[in-house]
Amino acid sequence: MAYPDLRQPIAVTMGDPAGVGPDVTARAWAARREHGLPAFVAIGDSAAIEAVWGGPIARVGDMDEVQRVFDDALPVWHLEDSGPLTPGTPTAAGATCALHALETGIGLTRNQASSALVTGSVSKFALHGIGYTHPGQTEFIAERCGVTATNAVMMLAGPSLRVVPLTVHIPLAQVPERLTVELIVAKARIVARGLKRDFGIKSPRIALAGLNPHAGESGQLGSEEDRVMIPAVAQLAEEGIIVDGPLAADSLFAPAVRARYDALLCAYHDQALTPFKALHFHDGVNLTLGLPIIRTSPDHGTAFNIAGTGLADPGPTIAAIAMAATLAIARERSCAPAK
């Protein structure tokens, strides 16, 4: 697929230079024609790519250069040397480079020099070692964009399924107390708006998965559905946002059922990500709704154990770049004044 309507190249941060990010970013460029990828620039330490890939690289300093060289070489926005580099071995210098790459990518995208931001995987442990205090990249991006972290909503999207976990990285025991009417309503609003603005879906169809088996069985198997979820769905309906549910999660992901909906709201992390990864382990994309910029990310970690081996699958990075381009075009069209 080509993207003739994409105004600017896409910014791709390589993530931790000792992880698989440099490898899969380079191999995404190598597969650019096969997958019809738009122009993009890799941001980070060019030596990290040279350590794992022998293809052509061109250091660039502006987006015009990216466009000029993209057909013949991988454009790299080189920031700094990350010191002695051994694939698979994270360092403080590498974490610093990954953070600077993220800051640069956000800046380019916020200034509209880039059409979208694709973020490579980072090591939270390594970042925290250099004083980074955010739980992940999403919270950092939201802060830099002037958005509260609670209004940045994680969606996992693939060819046949989109899911949103209402609670994310918390212990399962804390989920019932975190699920509130206010949380569900706030996130559903952002999801509905994102489906319209970024996916071009005029009338989104959304479903809400119950927390308990059989969606609580009318209170026999839990009260969260009656106390929290049903009132949230009613409030959303008053606002014109139609959400079906709460529905029993054990049947919601069946092909005939999930096909009815544009997105599924799930009560907790694994309720969303387990079926999603079963279906879209190699082509699933992590994206953030509620931001003023388009941000996607491949749905995998740094994979230090296979960095530099050539075993890392570039498919998720290819999917993240392609989706970033699609979303950027859809958002531009949705924001264009009516003729």
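Rules of the game
Residues numbered from 1 in each chain as written. Predicted model: local features only at pLDDT ≥ 70, side-chain atom pairs only at ≥ 80, totals over all residues. Heavy atoms only, no water. Helix = DSSP H or I, 4+ residues; strand = E, 2+ residues; numbered from the N terminus. Rg over C-alpha atoms; globule rule 2.2 N^0.38 Å. Buried < 20%, exposed > 50% of the residue type's maximum accessible area, 1.4 Å probe, protein only. Areas by Shrake-Rupley, 256 points an atom, 1.4 Å probe, with all protein chains shown as cover. Lys, Arg positive; Asp, Glu negative; His and termini not counted. Charge placed at Lys NZ, Arg CZ, Asp CG, Glu CD. Salt bridge = Lys/Arg side-chain N within 4 Å of Asp/Glu carboxyl O. Core = buried A, V, L, I, M, F, W, Y, C linked by side-chain atoms within 4.5 Å. Contact = heavy atoms within 4.5 Å. Pairing = 2+ DSSP bridges. Expected span 1.5 Å × (residues − 1).

Caption draft 1: Here's a closer look at the overall build of the protein. Of regular secondary structure, the protein possesses 14 helices and twelve strands. Here the protein has a C-alpha radius of gyration of 20 Å; the compact-globule value for 339 residues is 20 Å, and the two agree. Sorting the 339 residues of the protein into buried and exposed places 54% on the buried side. Here the protein displays about 14700 Å² of accessible surface, and carbon together with sulfur accounts for 53% of that area. Put simply, the protein has 26 plus and 33 minus side-chain charges, and the middle of one group is 6 Å from the middle of the other.

Caption draft 2: Here's a closer look at the pattern of salt bridges. Counted according to the given criterion, the structure contains nine salt bridges. Residue Arg 144 is joined to Glu 103 by a salt bridge in which the shortest nitrogen-to-oxygen separation is 3.3 Å. Taken together, the residues Arg 144 in helix H7 (residues 137-144) and Glu 103 in helix H5 (residues 92-110) connect sequence positions 41 residues apart. Linking Glu 143 and Arg 144 is a salt bridge whose minimum nitrogen-to-oxygen distance equals 2.8 Å. Taking the relative accessible area as the measure of exposure, Glu 143 reaches 45% and is therefore partly exposed. Salt bridges linked by common partners bring Glu 103, Glu 143 and Arg 144 together as one network.

Caption draft 3: Spatial organisation of the nonpolar core. Ranked by internal contacts, the top residues of the largest apolar core, which has 65 residues, are Ile 10, Phe 40, Leu 74, Met 155 and Val 191. Among the elements that make up this core, the one with the highest residue count is helix H14 (residues 315-335) (eleven residues). Beyond its immediate sequence surroundings of up to four residues, Ile 10 is in contact with Pro 38, Ala 39, Phe 40, Val 41, Ser 114, Ala 116, Val 118, Ile 321, Ala 324 and Ala 325. Grouped together as the second largest cluster of nonpolar side chains are 27 residues, Ala 11, Ala 95, Ile 106 and Ala 142 included.

Caption draft 4: Seen up close, the pairing of strand S12 (residues 295-298). Side chains of S12 alternate between two faces, with Arg 295 and Ser 297 and Thr 296 and Pro 298 buried alike. Here two bridges tie strand S5 (residues 117-119) to S12, and the two strands are oriented parallel to one another. Paired with Leu 117 across the two strands is Arg 295, which belongs to S12. In terms of strand pairing, strand S11 (residues 285-289) meets S12 through three bridges, oriented antiparallel. Among the inter-strand pairings, Leu 287 is bridged to a residue of S12, identified as Thr 296. Hairpin geometry of S11 and S12 is characterised by an intervening segment of five residues between the two adjacent antiparallel strands and by a positive phi of about 95° at Gly 290.

Caption draft 5: The arrangement of helix H10 (residues 224-238) in detail. In this model, H10 (15 residues) spans 21 Å end to end at C-alpha, consistent with the 21 Å of a helix rising 1.5 Å per residue. Those residues of H10 that are buried are in contact with helix H8 (175-178), helix H9 (181-199), strand S8 (206-209) and strand S9 (243-247). At the exit of H10 stands Gly 240, carrying a positive phi of roughly 85°.

Caption draft 6: View of the side chain of Arg 32. Considering the arrangement of structural elements, one finds Arg 32 in helix H2 (residues 32-35). Lacking a salt bridge, the buried Arg 32 has Asp 71 as its closest oppositely charged neighbour, with an N-O distance of 5.2 Å. Residue contacts for Arg 32: discarding those within four places in its chain leaves Leu 37, Phe 70 and Asp 71.

Caption draft 7: Spotlight on the environment of Ile 10. Mapped onto the elements of the fold, Ile 10 is located in strand S1 (residues 10-13). The class for Ile 10 is buried, based on a relative accessible area of 0%. Sequence separation between Ile 10 and Val 41 is 31 residues, and the spatial gap between their C-alpha atoms is 6.3 Å.

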